[in-house]
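Commentary on secondary and tertiary structure
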Amino acid sequence: MIQAFGLTSNPRKAHPPAVNDVSFEAPAGRVTALLGAPRAGKTTALRLMLELQRGRGITHFRGRPLHRIAHPSREVGVLLGDVPGHPARSVRGHLRMLCAATGVPARRADEVLEVVGLVSLREERLGTLSRGMDRRLGLACALLPDPHTLVLDAPVDGLSAREARWLHGMLRAHATQGGTVLFTTAEPKEAARNADRVVTLEQGRLVADQEAVEFARTRLRPRVAVRTPHPARLAALLTKEARTDRRSVEIVREEGNRLSVYGSTTADIGDVAFRHGILVHQLADEVGDMGPGAGTRPHDGEHPVDVPEVPGGPKPAHETTAGGQGQSQASPEGVRLRPGRGLSVLRRQRAAHESPVATEGRGDPEAPLPVGAPSAATSRDLPGTPPSEGAPTPADGHPLESDDHTPGGPEPTGPTPGAETPAPSSAQTPDAAPTSPGSTTGPAAPVIGRVPAARPGAGPSHRATGSLTPGSLSPLPPPISVRPAPSPLRPLRYELRRATGIGTGFLTCGVVLVVSAVTAVLLARIGHTPQARLFAAWPREVPLPPAALGAGLLGALAFGDEFRHPALAADRGSVPRRLGLLTAKLLVSGATALMLAFLTVGCDAEVLYVVYGRELAEVPADWLSLSASWFGLVVGCAWAGVLAAGVFRSTTAGLAAVLAVPVVVVPVVQKMVGGPAVRTAAGLPVRMREVFLLQWPFGGERYLAVVARVLVQPVGGALALSLTALLCAYLLTTLRSRVR
């Protein structure tokens, strides 16, 4: 199940927070709808729950916060919008790539395709999918690791009625199997039709938490709630007035002295009651914020009494409110709270204990609390305390069990029988009541639910839950810190499927081979070009050969596509900066660069042989050092593109960094090493062998000399210096994000 406590977003400048102290539960095996108008805070609440946005609060998924779960995707499946995959990638290829990221077998992709009905479209490109098919693919991505919980933001937005019915059927099937489903919507009818429980947000606050049946009764059919000692007479008069005015009015006689009037207004009903001298105890509009306890029958022998009004505070809840549109005017402390509202309830309880006000109540367990009334547990909640006078007891004389606990949650624990119960301080008066740090001033949004009301003679008492007491709580919920997305569980397999899943890499290699062959033929025709440059197709006027530019572009795309189409972190919009993912990208891009460099030299040599004969296709004498320099140049450009794109989060920046090596870094290196040298490093391999007392196998001195010759060249030294700087920058940004 999902348990959200005190979700509060950070305010921006002078604007209030988009979500303010929202607490609710989404039980397992049921579908919960988060309802609210546009800009009511639904998406912000989901992002706070998933730790995608900074704020305060805590959310438990089956008892654990998200950052305490080793593999979050296997616990929570998320759909917060369109699928951010590469438009040229196939549906099946996209899912197989995500299989490697989540660590599930590749056959799971075919299974979820069959579940969501996309088997016939598995080879379609993501860019060609319709809105409905894209939503099906998003649901397939969420179901891929077989999570227990599904969290979806407006899943049927923009879908046809048929697609919407299908998607809600899938969510219902997941809940039937024991999973937890939470989705947001702005349509009350959709919430009532497809959810088991509806949580309503208004202007960032929780205003209702109801069962779907009760929600449909109160929200989908606005009504006027009337309490009067003469319900039958008032109902007859209202019916007569409606017939006279030819209006359609429906009057439902509920339990006790309560009437529910559909099709009328508080003004009309109040006018009829006033003209005929009928006493009215309650007259208010109900639009989903008057809870299930509004129609309960009072206890036998009890009658409504006036609750003394606190100076400067809101009116008592039973007082008549006329002309109210949408909700009745209730006091902040007199609202009906759903059991288990977490930090908000505890803070209100603490504020009530610190500023008790003596009130006279009728003993109704569902009566709202007036301002300043202690929301303390009644005497029936304390095992060692006898029930107070007037409290309802069953036939056996034992006090009733308290129902102030969350269904399916832990039972509230009280003090040990016989333990002393703290009594209210006699020096504490309503006029000099201290203010709780967590209490707020001003009207609060009413919330549907029930808490036991304070009974006469019952002093404030703290209900213990383990060792946690309201006085020991912090006045603010814990902060929410945004953490980077986890790295793919199989990064090398993920990178291979990412690189081969689209045709960009193959197209780039083909263009490089064609351009290199044409350039080599033109250079041979002009003449005055060394043979090594002919094989590399590298004119002196160009900073880099086509193969190096192509390898740099492929390396930049390795990270650039991740930021442009963040399949790894679809809900975060960023790529995890993990060394495992970086290593996989360096290995794949390096292997691709080696293959491209080899194919380029082979194709150029073959074309030169075909066009001009064997003379231009002969292998140079110093082929070993030339080969090392060539492969090092191409691989270095590919790695520079990978690191630069990872640091600057852009493909263009990665390619620009590759071009900056010969254009900017090489002249700087030449100036640094230019001029007369006092000493040289001749004989370095021999001296290294003497120092390390090693016998180089297979003529290792030759290979070491080749590496040294590559590094002392201007381009080689500049490339090595650039790679070192980019690697340090990448590691620095990785550590910085982790520290944050």
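Residues numbered from 1 in each chain as written. Predicted model: local features only at pLDDT ≥ 70, side-chain atom pairs only at ≥ 80, totals over all residues. Heavy atoms only, no water.

1. Here's the deal with the packing of aromatic side chains
Applicable threshold: Here the aromatic set is Phe, Tyr and Trp, taking the six-membered ring for Trp, and pairing holds for ring centres within 6.5 Å; pairs whose planes are under 30 degrees apart are stacked, those over 60 apart are edge-to-face, and all others are tilted. The secondary structure listing takes helices from DSSP runs of H or I that are at least 4 residues long and strands from runs of E that are at least 2 residues long, numbered from the N terminus. For each residue, the accessible area found with a 1.4 Å probe, counting protein chains only, is set against the maximum for its type, and the residue is called buried under 20%, exposed over 50%, and partly exposed in between.
Evaluated as defined, the whole model comprises two aromatic pairs. Ring centres of F559 and F563 lie 6.2 Å apart, and the angle between their planes is 35°; this geometry places the pair in the tilted category. Pair noted here: F559 and F563 are both in helix α14 (residues 546-564), with a separation of four residues, about one helical turn. Classification of F563 as buried rests on a relative accessible area of 15%. A centroid spacing of 5.9 Å and a plane angle of 40° characterise the contact between F559 and Y730, whose relative ring orientation is tilted. Here the residue F559 occupies a position in helix α14, and Y730 occupies one in helix α20 (residues 714-739), the gap between them amounting to 171 residues. Taken individually, F559 and Y730 each receive the classification buried, so the pair is uniform in this respect. Here the aromatic cluster, defined as three or more aromatic residues joined through ring pairs, consists of F559, F563 and Y730.

2. Concerning the pattern of salt bridges
Using the following cut-off: Between Lys or Arg on one side and Asp or Glu on the other, a salt bridge is scored when a side-chain nitrogen of the former is within 4 Å of a carboxyl oxygen of the latter.
According to the stated counting rule, one finds 17 salt bridges in the structure shown. With its nearest N and O atoms 3.1 Å apart, the salt bridge here joins R136 to E163. In this pair, R136 is assigned in helix α4 (residues 131-143) and E163 in helix α5 (residues 161-176), connecting sequence segments 27 residues apart. What makes R136 buried here is its relative accessible area of 13%. With a shortest N-O distance of 3.3 Å, E254 and R223 are connected by a salt bridge. Of this pair, E254 sits in the loop between β11 (250-253) and β12 (258-262) while R223 sits in strand β10 (residues 223-227), and the two are 31 residues apart along the sequence. Each of R30, R197, D209 and E211 takes part in one network of salt bridges that share partners.

3. Here we look at the sheet that holds β11
To be explicit about the condition: Two strands are said to pair when DSSP picks up at least two bridges between them. To obtain an axis, a line is fitted to C-alpha atoms, over the contacting stretch when the element is a helix, and the angle between two such axes runs from 0 to 180 degrees between their N-to-C directions.
A sheet is described by the order of its strands in space; here four strands give the open sequence β11-β12-β10-β13, paired in antiparallel fashion. Each edge of the open sheet is held by one strand with a lone partner, namely β11 and β13 (282-286). Across the sheet, the axes of successive neighbouring strands diverge by a mean angle of 20°, strand direction being ignored. Bridge count for β10 against β12 is four bridges, and the pairing is antiparallel. Paired with V226 across the bridge in β12 is L259.

4. Things to note about the pairing of β12
In terms of burial, β12 is a largely internal element, five of the five residues being buried. Alternating residues of β12 divide into R258, S260 and Y262 and L259 and V261, and every residue in both groups is buried. In terms of strand pairing, β11 meets β12 through four bridges, oriented antiparallel. The residue bridging E250 from the neighbouring strand is Y262, located in β12. The turn linking β11 back onto β12 is made up of four residues, and G256 within it adopts a positive phi angle of 70°.

5. Some remarks on the environment of G57
Spelled out, the test is: Whether two residues touch is decided by their heavy atoms; if any such pair falls within 4.5 Å, the residues are in contact.
One can find G57 in strand β4 (residues 55-61). Once the C-alpha coordinates of G57 and A4 are considered, the two residues, 53 residues apart in sequence, prove to be 7.5 Å apart. Excluding residues that lie within four positions of it along the chain, G57 makes contacts with F5, G6, L7, P477, P478 and I480.

6. Quick word on the nonpolar core
Quick reminder of the rule: Put simply, a nonpolar core is a bunch of buried Ala, Val, Leu, Ile, Met, Phe, Trp, Tyr and Cys residues held in one set by side-chain atoms that sit within 4.5 Å of each other.
Within the largest apolar cluster, 65 residues are counted, with the highest numbers of intra-cluster contacts made by L95, L137 and F559. Take this core: its biggest share by element is 12 residues, from helix α16 (residues 623-648). Those residues in contact with L137, other than ones at most four positions away along the chain, are V83, V91, L95, L118, L126 and L129. A4, L34, L46 and I480 belong to the second largest nonpolar core, which has 24 residues in total.

7. Quick word on the sheet that holds strand β14 (residues 479-480)
Ordered in space as β2-β1-β4-β14, the four strands form an open sheet in which the pairing is antiparallel. In the strand order of this sheet, the two ends are held by β2 (22-26) and β14, each with one partner. In this structure, β4 lies alongside β14, joined through two bridges in antiparallel fashion. Counterpart to R56 in the pairing with β14 is P479. Contacts from helix α1 (residues 42-49) reach β1 (2-9), β2, β4 and β14, with the element oriented near 115° to β1.

8. What to know about helix α11 (residues 491-500)
The condition that has to hold: Each direction from the helix axis to a C-beta atom contributes to the arc, which is the arc of those directions.
All of the buried residues in α11 are P491, Y494, E495, R497 and R498. All buried residues of α11 project into a common sector of 165° when viewed along the axis, lining one side. Where α11 is buried, its residues touch α2 (91-102), α14 and α15 (579-612).

9. Observations concerning the side chain of T200
With respect to the helices and strands, T200 occurs in strand β8 (residues 197-202). On the basis of relative accessible area, T200 is assigned to the buried category, the value being 6%. If we ignore the near neighbours within four places in the chain, the residues touching T200 are L35, R205, L206, V207, A208, F215 and R219.

10. Side note on the packing of α2 against α11
If you want to describe how two helices pack, look at the angle between their axes and the distance between the axes. The condition is simple: Working definition: roughly parallel below 35 degrees, roughly antiparallel above 145 degrees, roughly perpendicular at 65 to 115 degrees, and oblique for all remaining angles. Should the near helix be turned counterclockwise from the far one by less than a right angle, the crossing is left-handed, whereas a clockwise turn marks it as right-handed.
Remark: α2 packs on α11, axes separated minimally by 8 Å, with the N-to-C direction vectors making an angle of 165°. On the basis of their axis angle, the class for α2 and α11 is roughly antiparallel. You can see that α2 and α11 cross each other, and the crossing is left-handed. When α2 is examined against α11, the residues R96, M97, C99, A100 and A101 are found in contact with a partner set consisting of R493, Y494, R497 and R498.

11. Some words on the confidence of the model for the protein
Cut-off, in case you're wondering: One confidence number per residue, pLDDT, is output by the predictor and ranges from 0 to 100.
In the predicted model, the protein carries a mean pLDDT of 75, and the fraction of residues at 70 or more is 67%. Across residues 288-473 the pLDDT falls below 50, and counting only partners more than four positions away or on other chains, this stretch makes 289 contacts in the model.

12. Thoughts on the packing of α14 against α15
Short version of the rule: Polarity classes work like this: nonpolar for Ala, Val, Leu, Ile, Met, Phe, Trp, Tyr, Cys and Pro, charged for Asp, Glu, Lys and Arg, and polar for all others, with Gly in that last group.
Where α14 contacts α15, the axes come no closer than 9 Å and their chain directions differ by 155°. When the axis of α14 is compared with that of α15, the two are roughly antiparallel. In the crossing of α14 with α15, the sense of the turn from one axis to the other is right-handed. Of the residues in α15, those in contact with A547, G550, A551, L554, A558, F559 and E562 of α14 are L581, L582, K585, T592, A593, L596 and T600. A class-by-class count of the residues in the contact of α14 with α15 yields nine nonpolar, three polar and two charged.

13. Here we look at the environment of V642
By secondary structure assignment, the location of V642 is in helix α16. With relative accessibility at 0%, the residue V642 sits in the buried group. V642 sits 87 residues away from G555 along the chain, and the two C-alpha atoms are 4.5 Å apart. In this view, V642 contacts G555, A556, A558, F559, L582, K585, L586 and S589; residues no more than four positions away in its chain are not counted.

14. Topic: helix α3 (residues 107-116)
Within α3 the residues assigned to the buried category are A109, V112, L113 and V116. For α3, the buried positions fall inside an angular range of 110° around the axis, keeping them on one side. Across α3 from its buried face, at more than 90 degrees, point the exposed residues R107 and E114. Two residues or fewer past α3, G117 is found with a positive phi of approximately 75°.

15. Re unusual backbone geometry
A positive phi angle is found at D21, which is not glycine, with a value near 55°. You can see D21 is positioned in the loop between β1 and β2. Taking relative accessible area as the criterion, D21 reaches 13% and is therefore assigned buried. Its identity is not glycine, yet Q203 carries a phi of approximately 55°, on the positive side. By the secondary structure assignment, Q203 is in the loop between β8 and β9 (205-211). Accessibility expressed as a relative area gives 69% for Q203, which makes it exposed.

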